[in-house]
Amino acid sequence: PSSRYVACGGLDNLCSIFAVPETGKEGPKNKVYCELAQHEGYLSCCRFIDDKRIITSSGDSSCILWNVEQRSPELHFND
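The rules we used
- Residues numbered from 1 in each chain as written.
- Predicted model: local features only at pLDDT ≥ 70, side-chain atom pairs only at ≥ 80, totals over all residues.
- Heavy atoms only, no water.
- Helix = DSSP H or I, 4+ residues; strand = E, 2+ residues; numbered from the N terminus.
- Polar contact = N/O pair within 3.5 Å; in protein donor to acceptor, adjacent residues only side chain to side chain.
- Pairing = 2+ DSSP bridges.
- Axes fitted to C-alpha atoms, helices over the stretch in contact; angles between N-to-C directions.

Caption draft 1: How the structure looks around the side chain of His39. Looking at the element boundaries, His39 is found in the loop between strand 3 (32-37) and strand 4 (43-50). Among the polar contacts made by the side chain of His39, one reaches the side chain of Thr56 at a distance of 2.7 Å. A distance of 3.1 Å separates a polar atom in the side chain of His39 from a polar atom in the side chain of Ser62.

Right, dumping it as structure tokens:
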């Protein structure tokens, strides 16, 4: 990944993705690029595969591979 984005998740069951401003440039503070919602439990982990895809895991025993640009799931993995 290029470090253009940072992601976090938690008890709200969402993966929130924020755009990181380029070095030396001012950008909007705390502006959410997108929120990914499909899990029925808290988010335990999220990792970028590349700038266009992220995988999330949840307390609902599922993982989802997301297309960040389209803000939609590509694959669901269930226990």
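Caption draft 2: Expanded view of the sheet that holds strand 2 (residues 14-19). As summarised here, the arrangement of the three strands in space is 1-2-3, forming an open sheet in which the pairing is antiparallel. Sheet topology places strand 1 (5-9) and strand 3 at the edges, where each strand pairs with a single neighbour. Ignoring which end each strand starts from, the neighbouring axes of this sheet average 20 degrees apart. As judged from the five bridges shared by strand 1 and strand 2, these two strands associate in the antiparallel manner. Among the inter-strand pairings, Gly9 is bridged to a residue of strand 2, identified as Cys15.

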